[in-house]
Amino acid sequence: MSEPEEDLQEERIDSSKKKKKKKRKKERRSGKKKKEKSELEEQVEEEQSECVLLHGIFKLGKKSHDVLLTRTRLTWTPIIPENPTGDACVLQPGVMLLQDVFAVKVKRRRSAAQQSGGAVLGVALFCCKRRGRRLEEDTLHLHNASAEHTHAWYNTLKELLAGFSVRPRYLKVFINPSSHKKEAVHIYREHVAPLFRMADVRTEITVTERKGHALSVMKECKLDEYDGIVCVGGDGSVAELCHALVLRAQLDADSPEKPVKPVLPLGIIPAGSTDVVSCSVHGVRDPVTAALHIVLGRRQQVDMCSFSSLGQLVRFGFSAMFGFGGRSLARAEKKRWMPSSRRREYALVKTLARLRPEDCQLSFLPAKKSDTDLFGHRGQEQDQEPESEGEESWMTNQGLYLSISIMSIPCLSPHTPRGLAPNTSLANGSAALIAVENTSRSEFIKHLKRYSSSSGQFSFSFVEAHTVSAVRIRPRSLFVCSEEESEEESDSKTTPIIQSEGVAFPWNIDGELVEINNEVLVRVHPRLITLYGEEVDEAESTVSCSCI
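All values derive from a computational prediction rather than experimental measurement. (Residues numbered from 1 in each chain as written. Predicted model: local features only at pLDDT ≥ 70, side-chain atom pairs only at ≥ 80, totals over all residues. Heavy atoms only, no water.)

Draft legend 1. Main features of the overall build of the protein chain. The secondary structure content of the protein chain amounts to 11 helices and 23 strands. For the protein chain, buried positions account for 46% of its 548 residues. Once local pairs closer than 6 in sequence are excluded, the contacts in the protein chain between residues at least 24 apart make up 72%. Accessible surface, the protein chain as shown: approximately 29,100 Å² in total, 49% of it carbon and sulfur. (Helix = DSSP H or I, 4+ residues; strand = E, 2+ residues; numbered from the N terminus. Buried < 20%, exposed > 50% of the residue type's maximum accessible area, 1.4 Å probe, protein only. Contact = heavy atoms within 4.5 Å. Areas by Shrake-Rupley, 256 points an atom, 1.4 Å probe, with all protein chains shown as cover.)

Structure below.
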């Protein structure tokens, strides 16, 4: 190439670079303008939301207050007579966020026999206040004898509350009368129904008569009439309804192969013995807290797992235990005549006395590190199903395991305040795999006891903990342990014998006993279901079982 041609080529390159620089500058300027514009719009919206809609004087208790109402909050400041010395008294105003208010009523003076009418006394706002992890009902009374003034405030407040579109207006309620101490109906009538009535939430109630009743109703009813589903019961009832919601969504979308996210959220009123799912989204086993989350429309997207065997779906759920957890539940189910706490302790002690490992092949697909951020929460753009996994991605171990647990939620409970899987969260797109290898009974008990304390349950050489997106468990052996075995024989480490064909292995899936005699594939489905509640780090603790 000649020198003039080379110079011409360099000039072209320089001009193209200059054009690219100018283009980048324009993009940066337009980006800044867009950013400034969006910030300005947000500022305008904030100013509009804080614009005073109503200004009036009400009595709170025995003192008059200057009350201001905006679109987001109610503030009140005591009216203090002017000091003769001229010193100004600065008082902090009281504040109530409208997002915490679930009902407003006109207060009237009525006689005992009077059903309607009566002199106007003012407005009552019903709200929730937080006490630790619990939500409690509270009332703010604004007294003013002017009917015109009171109704103006009442109508404006009602209009503002109606603007919270996520709050339910019509709910389908399922009550399991047989759960735990058979108190579900009483819990609903005494603690939940009054809050629903106060918040003007209509309900249609089904009291379940048998296992699978809620599932059959969910397959047939017209779900588009409701704003949400409510379950009053234990973990078994919750698991059945979650499974039913996903199956119904698949049916409506004509997608039998791929799980479909249900449109309706599920509210859980705890009425069981452990209420693991309720504790994970509320932090406490308290029906009032659960009901207030529902009426306020507070929602939390939650990961779920699908459990399948030989290509056939077994069920959808949040957690599963194989080995010790499955065998313990199987023993408890044989003693249904016992009270739940005694039955649980009996099964735990009996299973520990006859502790045996399972010989199985454990394979798992590690969750991608990019799927979660530093805080363990999955990004919005990654709500889709994980990409198809290649066989080379799976990690496989073969050996003896005392317990294998897969949990897509922390599984908080009063007995395990930090959860059975404290390193996972409700919606991080992955599950915790906890595999306990064969060890002595005393070491295994030490591991179990650590769950009721703050930490350290995984700091044993025989415990593996992994963050996974899929797990495959293929049992290869089964211990045959006769009921007549002596204690000495129970203590000894025997070699597992080959499983006889047709023997079913007990699985604990969300507190329900499921017997499966083949391999099980567990797959995590990010944010598959929406529950009323909010994510919590730790549950309210109580005295744990003292049997170990």
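Draft legend 2. A look at the nonpolar core. Ranked by internal contacts, the top residues of the largest apolar core, which has 50 residues, are Ile-229, Leu-266, Phe-318 and Leu-531. With six residues, the top contributor of residues to this core is helix H5 (residues 235–253). Once residues within four sequence positions are removed from consideration, Ile-229 is found in contact with Leu-171, Lys-172, Phe-174, Met-218, Leu-223, Leu-241, Leu-245, Leu-264, Pro-265, Leu-266 and Gly-267. With 30 residues, the next largest nonpolar core counts Val-173, Ala-184, Tyr-188 and Ala-199 among its residues. (Core = buried A, V, L, I, M, F, W, Y, C linked by side-chain atoms within 4.5 Å.)

Draft legend 3. Just the packing of helix H8 (residues 324–333) against helix H9 (residues 340–353), in detail. In the contact formed by H8 and H9, the axes pass within 8 Å of each other and the chain directions differ by 130 degrees. Here H8 is positioned oblique relative to H9, judged by the angle of their axes. Remark: the crossing between H8 and H9 carries right-handed chirality. Counting all contacts with H8, which are made through Phe-324, Arg-327, Ser-328, Arg-331 and Ala-332, the residues of H9 involved are Arg-343, Ala-347, Leu-348, Lys-350, Thr-351 and Leu-352. Its residues placed into classes, the contact of H8 with H9 shows five nonpolar, two polar and four charged. (Axes fitted to C-alpha atoms, helices over the stretch in contact; angles between N-to-C directions. Parallel < 35°, antiparallel > 145°, perpendicular 65-115°, else oblique. Left-handed = near helix turned anticlockwise from the far one by under 90°. Nonpolar A, V, L, I, M, F, W, Y, C, P; charged D, E, K, R; others polar.)

Draft legend 4. Molecular detail of empty space enclosed by the protein. The tally for this structure, following the rule as stated, stands at one cavity of 30 Å³ or more. Each pocket or cavity is described by its volume, and for the largest cavity that value is around 50 Å³. Around the largest cavity sit Gly-323, Phe-324, Arg-327, Thr-351, Arg-354, Leu-355, Arg-356 and Leu-402, which together line it. A class-by-class count of the residues in the lining of the largest cavity yields three nonpolar, two polar and three charged. (1 Å grid on protein atoms, 1.4 Å probe; cavity = no way out; pocket = protein on both sides within 12 Å on 5 of 7 lines; lining within 4 Å. Points joined across faces, edges and corners; volume = space filled by probe spheres on them.)

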